[in-house]
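Each chain is listed here by its residues.
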Amino acid sequence: MRTKMLCGNWKMNLSKTEALTLAANVRDAAAAYAEAEAVQCVLFPPFPYLDAVSSVLEGSPVMLGAQTLHEAESGAYTGEVSASMLVDMGCELVLVGHSERRHGLGESDALIAAKASRALEAGLTPVVCVGETGAERESDATEVVLLRQIEPLKHMLARCALAYEPVWAIGTGQVATPEEAEAVHAFLRAQLGENGASVPILYGGSLNGDNAPSLFSKPGVDGGLVGGASLKAEVFSRMLGQLRNSSGEDSFHVHA
Ligand code: 13P
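Reading the values: the criteria
- The residue numbering used here restarts from 1 in each chain and proceeds along that chain's sequence as written.
- Local features are withheld for residues below a pLDDT of 70 in this predicted model, meaning they are given only at 70 or higher, and side-chain atom pairs are given and counted only at 80 or more; totals for whole chains, interfaces and linings count all residues.
- Excluding hydrogens and water, the side-chain figures rest on all heavy atoms present in the structure.
- Cysteine sulfurs are considered disulfide-paired once they come within 2.5 Å of each other.
- For the exposure calls, accessible area comes from a 1.4 Å probe over protein chains only, and a residue counts as buried if that area is under 20% of its type's maximum, exposed if over 50%, partly exposed in between.
- Any residue with a heavy atom lying within 4 Å of a molecule or strand is counted as near it.
- Think of a polar contact as two N or O atoms within 3.5 Å of one another; within protein, one of them needs to be a possible hydrogen donor and the other a possible acceptor, and neighboring residues in sequence only count if both atoms come from side chains.
- Note that accessible areas follow from Shrake-Rupley with a 1.4 Å probe, and for residues the cover is restricted to the protein chains shown.
- Secondary structure elements follow DSSP: runs of H or I of four or more residues count as helices, runs of E of two or more count as strands, with numbering from the N terminus.
- Helices are assigned an expected span. That span is 1.5 Å times one less than the residue count.
- Any pair of residues with heavy atoms lying within 4.5 Å of one another is described as a contacting pair.
- Only when DSSP finds a minimum of two bridges between them are two strands counted as paired.
- The axes are straight lines fitted to the C-alpha atoms, using for helices just the contacting stretch, and the angles between their N-to-C directions are given from 0 to 180°.

Caption draft 1: Examining the state of the cysteines more closely. Within the structure shown, the criterion is met by 0 disulfides. Its sulfur unpaired, C129 is 8.8 Å from the next cysteine sulfur, which belongs to C7. C160 carries a free sulfur, and the closest cysteine sulfur to it, the one in C129, is 11 Å from it. Exposure remark for C160: the relative accessible area of 4% places this residue in the buried category.

This is the structure in structure tokens:
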């Protein structure tokens, strides 16, 4: 059985005070869902707030994640952050392959695989983000692009979570339809072979409290990776409840 997960990617937003308030509010709202072990809730604050947010979340079932990491174990990499530092800060998960790093910062499929590998070595669970651009979808290249993105990671995916984040849906208000998401999730799951039943596949891209229930109702959609809407405690907490109550029986969670 695989985990239902709701992840909040705060990206490069919030003051420290705002971050701590948001974390405390989500922690309080999440207790009911997470204690019932129905949904795993993960927050991904910016690096400078990890330590303080970790303290806020201590003793709560809400988990901490980081937005990226460096692929090397340690060394002369000014400004970078290693997997072991993230573990020291209390992180259990880390995003790799987010489109803002693939497209904005030129991270390659090979680099993303190296980051995922380093994360696993350190005991972190990588949340591997994949997704096509609008132009790629229009030219029917979605599956080719997804295959290229997961190929270097294939041997590791059984120990990761996947997030399908179509680039055209991120921060645009143009959410994928439940049917579009369902089709891609099924395609990705088919690539996972025997591990398909246990790897959570999340949807991300303009998810909010209004559109989440219809996406979460699809059996292959195991949860969400939320950007903008995760910055509002009330909305994000409501989405936790929506995921908890979603019917996708095929994705019903038993905590590992
Ligand atoms: P939005 O929810 O703001 O579209 O961002 C999605 C995302 O990139 C999450 O990682």
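Next comes the rest of the write-up.
Caption draft 2: Representation of the site of the ligand. Taken together, N9, K11, H98, E165, A169, I170, G171, G205, S206, L225, G227 and G228 make up the full set of residues near the ligand. Between N9 and the ligand, the recorded distance is 3.0 Å, taken from a side-chain N or O atom to an oxygen atom. Contacts to the ligand include S206, whose backbone N or O atom sits 2.8 Å from an oxygen atom. Its free accessible area being 310 Å², the ligand has 94% of it covered by the protein chains.

Caption draft 3: Representation of helix α8 (residues 178–191) within the structure. Spanning 14 residues, α8 covers 20 Å between terminal C-alpha atoms, matching the ideal 20 Å at 1.5 Å per step. Every buried residue of α8 is accounted for by P178, A181, V184, H185, F187, L188 and R189. In this structure, the buried residues of α8 make contact with β5 (125–130), α6 (134–138), α7 (142–150), β6 (161–164), β7 (201–204) and α9 (212–216). Note on α8: the residue one or two positions beyond its end, G193, has a positive phi of about 60 degrees.

Caption draft 4: Region of the structure containing the sheet that holds β7. Taking strand neighbours around the barrel as the criterion, the 8 strands line up as β1-β2-β3-β4-β5-β6-β7-β8 in a closed arrangement whose pairing is parallel. Ignoring strand direction, the axes of neighbouring strands in this sheet form an average angle of 25 degrees. Judged from the 3 bridges that link them, β6 and β7 form a sheet pairing that is parallel. Following the sheet pairing, L162 is matched in β7 by I201. Across the sheet, α8 lies against β5, β6 and β7, angled at about 145 degrees from β7, the strand it touches most.

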